[in-house]
Amino acid sequence: MTDTNPLKILVIGPQRVGKTVICDFLSDHSETPKENYKPTQGVRIHQFEREVSTGGRQGWGANRAQVNVELWDVSGDESFKSGWPAIMKDTKGIVLVMNPDVKGQEKDLESW
């Protein structure tokens, strides 16, 4: 059985931390890496299905369900900040991405 309501998950964080690479990997999107960095403009939505374990009385893994996933690759560019509240509507989960080698990115995450 497939749930018709998508599981909307945002992947957010500062620019140039690898959000698009993570989204491509999780959604099995096999685009070859680009030599030149091209920032996400606004948001890029990956839609796919995954089979998940729902647990239950017989133990973990006994019950399985198909889940529709929307993985939202959100631009870290501050010029898109006015659209962030609309993007966050109906969100079920968030993945925060940062580069610990870049000083000050913890502070950038606070704006989310």
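Higher on the page you've got the structure.
This text gives an overview of the structure that appears in the document. Quick caveat, the model's predicted, so the values are computed rather than measured.

1. Notes on the packing of aromatic side chains
- The tally for this structure, following the rule as stated, stands at 0 aromatic pairs.
- Positioned above the aromatic ring of Trp72 is the side chain of Lys8, whose terminal nitrogen or guanidinium carbon lies 3.9 Å from the ring centre.

2. Observations concerning the nonpolar core
- In this structure, Ile9, Val11, Val17, Cys23, Phe48, Val67, Val69, Leu71 and Val97 together form the largest nonpolar core, which totals 9 residues.
- Taken together, the elements giving at least two residues each to this core come down to strand 1 (2-12) and strand 3 (63-74).
- No other element matches the 3 residues that strand 3 contributes to this core.
- Look past the residues within four positions of Val69 in its chain and what remains in contact with it is Leu7, His46, Gln47 and Phe48.
- Within the second largest apolar cluster, 6 residues are counted, among which are Leu10, Ile12, Trp84 and Ile87.

3. Remarks on the side chain of Lys8
- For Lys8, the position within the fold is in strand 1.
- Glu70 provides the closest opposite charge to the buried, unpaired Lys8, separated from it by 5.9 Å.
- There is a polar contact of 2.6 Å between the side chain of Lys8 and the backbone oxygen of Lys89.
- Those residues in contact with Lys8 that lie beyond four places of it in its chain are Glu70, Trp72, Ala86, Ile87, Met88, Lys89, Asp90, Thr91, Lys92 and Gly93.

4. Structural notes on the pattern of salt bridges
- In this structure the tally under the stated criterion is 6 salt bridges.
- Of the charged contacts in the structure, one is a salt bridge between Asp24 and Arg44, with a shortest N-O distance of 2.7 Å. Remark: Arg44 occurs in strand 2 (residues 43-55) and Asp24 occurs in helix 1 (residues 19-26); sequence separation between them is 20 residues.
- The class for Arg44 is partly exposed, based on a relative accessible area of 25%.
- By sharing partners, the salt bridges in this structure join Asp24, Arg44 and Asp73 into a single network.

5. So, a nonpolar patch on the surface
- Taken together, Ile22, Phe25 and Leu26 make up a surface patch of nonpolar side chains, about 300 Å² in accessible area.
- Structurally, Leu26 can be placed in helix 1.

6. A short note on unusual backbone geometry
- A positive phi is found at Arg16, a non-glycine position, where the angle reads about 60 degrees.
- Examined against the element boundaries, Arg16 turns out to sit in the loop between strand 1 and helix 1.
- A positive phi angle, close to 65 degrees, is found at Asp90, a residue other than glycine.
- Along the polypeptide, Asp90 turns up in the loop between helix 2 (84-88) and strand 4 (93-96).
- According to the relative accessible area criterion, Asp90 is exposed, its value standing at 52%.

Reading the values: the criteria
- Residues numbered from 1 in each chain as written.
- Predicted model: local features only at pLDDT ≥ 70, side-chain atom pairs only at ≥ 80, totals over all residues.
- Heavy atoms only, no water.
- Phe/Tyr/Trp six-rings, centres within 6.5 Å; stacked < 30°, edge-to-face > 60°.
- Lys NZ or Arg CZ within 6 Å of the ring centre and 35° of its normal.
- Core = buried A, V, L, I, M, F, W, Y, C linked by side-chain atoms within 4.5 Å.
- Buried < 20%, exposed > 50% of the residue type's maximum accessible area, 1.4 Å probe, protein only.
- Helix = DSSP H or I, 4+ residues; strand = E, 2+ residues; numbered from the N terminus.
- Contact = heavy atoms within 4.5 Å.
- Lys, Arg positive; Asp, Glu negative; His and termini not counted.
- Salt bridge = Lys/Arg side-chain N within 4 Å of Asp/Glu carboxyl O.
- Polar contact = N/O pair within 3.5 Å; in protein donor to acceptor, adjacent residues only side chain to side chain.
- Patch = residues over 30% accessible without salt bridge, like charges linked within 9 Å, V, L, I, M, F, W, Y side chains within 5 Å.
- Areas by Shrake-Rupley, 256 points an atom, 1.4 Å probe, with all protein chains shown as cover.

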